[in-house]
Amino acid sequence: MNEALYILGNGFDLAHGIKSKYTDFRDFISSNHLELYKGLQEFFDEDYLWSNFEAALYAIDLNEIFERIDKNIIPYSSPEWTDACNHMPQSEVLEFVKLFTSELNDALRAWVASIDIHKDTKYEFKDKSNFLTFNYTMTLEEIYGISSNRIKHIHNAIAQKSK
């Protein structure tokens, strides 16, 4: 029996010259999703965000967000107050949630789908091997021709078009 289980992370893609670092994602959204980029820059420390993206998102300071929203609320006593002001906090919260959920998700999918996967193999794998990968990319499928039924993408995968 010539089987093995390979567990792969982003280092596998990086070894193939694939631009799959979070700093590459930053460059992508700064060019293609400017509102999202500005929102991320506003709420996160830039160095920490792009070196520890998942941890930074997990550790978002909700109190800071609510404080910023509170600063934009027009009090009832203000001459600028109108009935529309009643809905300001809700709409700001909804915009924030949309930016950091659906828009972030859409941007991540667009970025992964745009990543150029080079066609040079670097490794040899044992026959009948299985793969556990933390990568969103389809490197194993596209470069090595490995059947998707032998690969488990922990975070799911985003199909890419060969370039």
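Everything below is about the structure printed above this text.
Below is a short write-up of the structure. (Residues numbered from 1 in each chain as written. Predicted model: local features only at pLDDT ≥ 70, side-chain atom pairs only at ≥ 80, totals over all residues. Heavy atoms only, no water.)

1. Observations regarding the overall build of the chain
Phase 1 of the analysis: If you tally the helices and strands in the chain, you get eight helices and three strands.
Phase 2 of the analysis: Tracing the chain from N to C terminus, the helices and strands come up as β-α-α-α-α-α-α-α-β-α-β.
Phase 3 of the analysis: Scaling as 2.2 N^0.38, a compact globule of 163 residues should have a C-alpha radius of gyration of about 15 Å, whereas the chain reaches 21 Å, well beyond that.
Phase 4 of the analysis: Its C-alpha atoms give the chain principal-axis dimensions of about 80 × 30 × 25 Å.
Phase 5 of the analysis: Across the 163 residues in the chain, those meeting the buried criterion constitute 31%.
Phase 6 of the analysis: In the chain, once contacts between residues fewer than 6 apart in sequence are set aside, the share between residues at least 24 apart is 58%.
Phase 7 of the analysis: With an accessible surface of roughly 10,400 Å², the chain has 52% of that area assigned to carbon and sulfur atoms. (Helix = DSSP H or I, 4+ residues; strand = E, 2+ residues; numbered from the N terminus. Rg over C-alpha atoms; globule rule 2.2 N^0.38 Å. Buried < 20%, exposed > 50% of the residue type's maximum accessible area, 1.4 Å probe, protein only. Contact = heavy atoms within 4.5 Å. Areas by Shrake-Rupley, 256 points an atom, 1.4 Å probe, with all protein chains shown as cover.)

2. Comments concerning helix H3 (residues 34-43)
Phase 1 of the analysis: Residues of H3 that are buried include every one of Leu36, Tyr37, Gly39, Leu40 and Phe43, and no others. Viewed along the axis of H3, the buried residues span an arc of 165°, placing them on a single side of the element. Seen from the buried face of H3, the exposed residues on the opposite side, beyond 90 degrees, are Glu35 and Lys38. (Arc of directions from axis to C-beta.)

3. Description of the nonpolar core
Phase 1 of the analysis: Phe25, Ile29, Leu40 and Leu140 are the most contacted members of the largest nonpolar core, which has 34 residues in total.
Phase 2 of the analysis: Per-element tally for this core: the top contributor is helix H7 (residues 88-114), with eight residues.
Phase 3 of the analysis: Ignoring sequence-local partners within four residues, the contact set of leucine 140 consists of Leu8, Phe12, Phe125, Phe131, Gly145, Ile146 and Ile151. (Core = buried A, V, L, I, M, F, W, Y, C linked by side-chain atoms within 4.5 Å.)

4. Remarks on the pairing of strand E2 (residues 130-133)
Phase 1 of the analysis: Side chains Phe131 and Thr133 project from E2 onto a buried face, and the interleaved Asn130 and Leu132 project onto a face without burial.
Phase 2 of the analysis: Relative to E2, strand E1 (residues 5-8) runs parallel, the two being bridged by four bridges. Looking at the pairing, leucine 8 lines up with threonine 133 of E2.
Phase 3 of the analysis: Pairing analysis gives three bridges linking E2 to strand E3 (residues 151-153), with the strands arranged parallel. (Pairing = 2+ DSSP bridges.)

5. Structural notes on unusual backbone geometry
Phase 1 of the analysis: Of note in the backbone geometry, lysine 128 takes a positive phi value of approximately 60° without being a glycine.
Phase 2 of the analysis: Counting through the fold element by element, lysine 128 comes out in the loop between H7 and E2.

6. Section: the packing of helix H2 (residues 22-32) against H3
Phase 1 of the analysis: It is the contact of H2 with H3, at a shortest axis distance of 6 Å, that shows an interaxial angle of 125°. Accordingly, the angle class assigned to the pair H2 and H3 is oblique. Where H2 abuts H3, its residues Arg26, Ile29, Ser30 and Asn32 lie against Leu34, Leu36, Tyr37 and Leu40.
Phase 2 of the analysis: Of the residues in the contact of H2 with H3, the class split is five nonpolar, two polar and one charged. (Axes fitted to C-alpha atoms, helices over the stretch in contact; angles between N-to-C directions. Parallel < 35°, antiparallel > 145°, perpendicular 65-115°, else oblique. Nonpolar A, V, L, I, M, F, W, Y, C, P; charged D, E, K, R; others polar.)

7. Points about the environment of alanine 113
Phase 1 of the analysis: Residue placement: alanine 113 occurs in helix H7.
Phase 2 of the analysis: For alanine 113, a relative accessible area of 31% translates into the label partly exposed.
Phase 3 of the analysis: C-alpha separation for the pair alanine 113 and glutamate 54, spaced 59 residues apart in sequence, amounts to 19 Å.

8. Focus: the sheet that holds E3
Phase 1 of the analysis: The strand order E1-E2-E3 describes an open sheet built from three strands, whose pairing is parallel. The open sheet terminates on both sides in strands that have one partner only, identified here as E1 and E3. If you compare each strand with its neighbour and ignore which way they point, the axes differ by 15° on average.

9. Points about the pattern of salt bridges
Phase 1 of the analysis: Counted under the stated rule, the structure contains two salt bridges.
Phase 2 of the analysis: A salt bridge links aspartate 27 to arginine 26, with the nearest nitrogen and oxygen atoms 3.2 Å apart. (Salt bridge = Lys/Arg side-chain N within 4 Å of Asp/Glu carboxyl O.)

10. Examining the side chain of aspartate 24
Phase 1 of the analysis: Here aspartate 24 is to be found in helix H2.
Phase 2 of the analysis: Summary of buried charges: aspartate 24 has no salt-bridge partner, and the nearest side chain of opposite charge, lysine 19, is 4.8 Å away.
Phase 3 of the analysis: Within polar-contact distance, the side chain of aspartate 24 engages the backbone nitrogen of serine 20 at 3.2 Å.
Phase 4 of the analysis: Dropping the residues within four chain positions of it, aspartate 24 is found in contact with Lys19 and Trp111. (Lys, Arg positive; Asp, Glu negative; His and termini not counted. Polar contact = N/O pair within 3.5 Å; in protein donor to acceptor, adjacent residues only side chain to side chain.)

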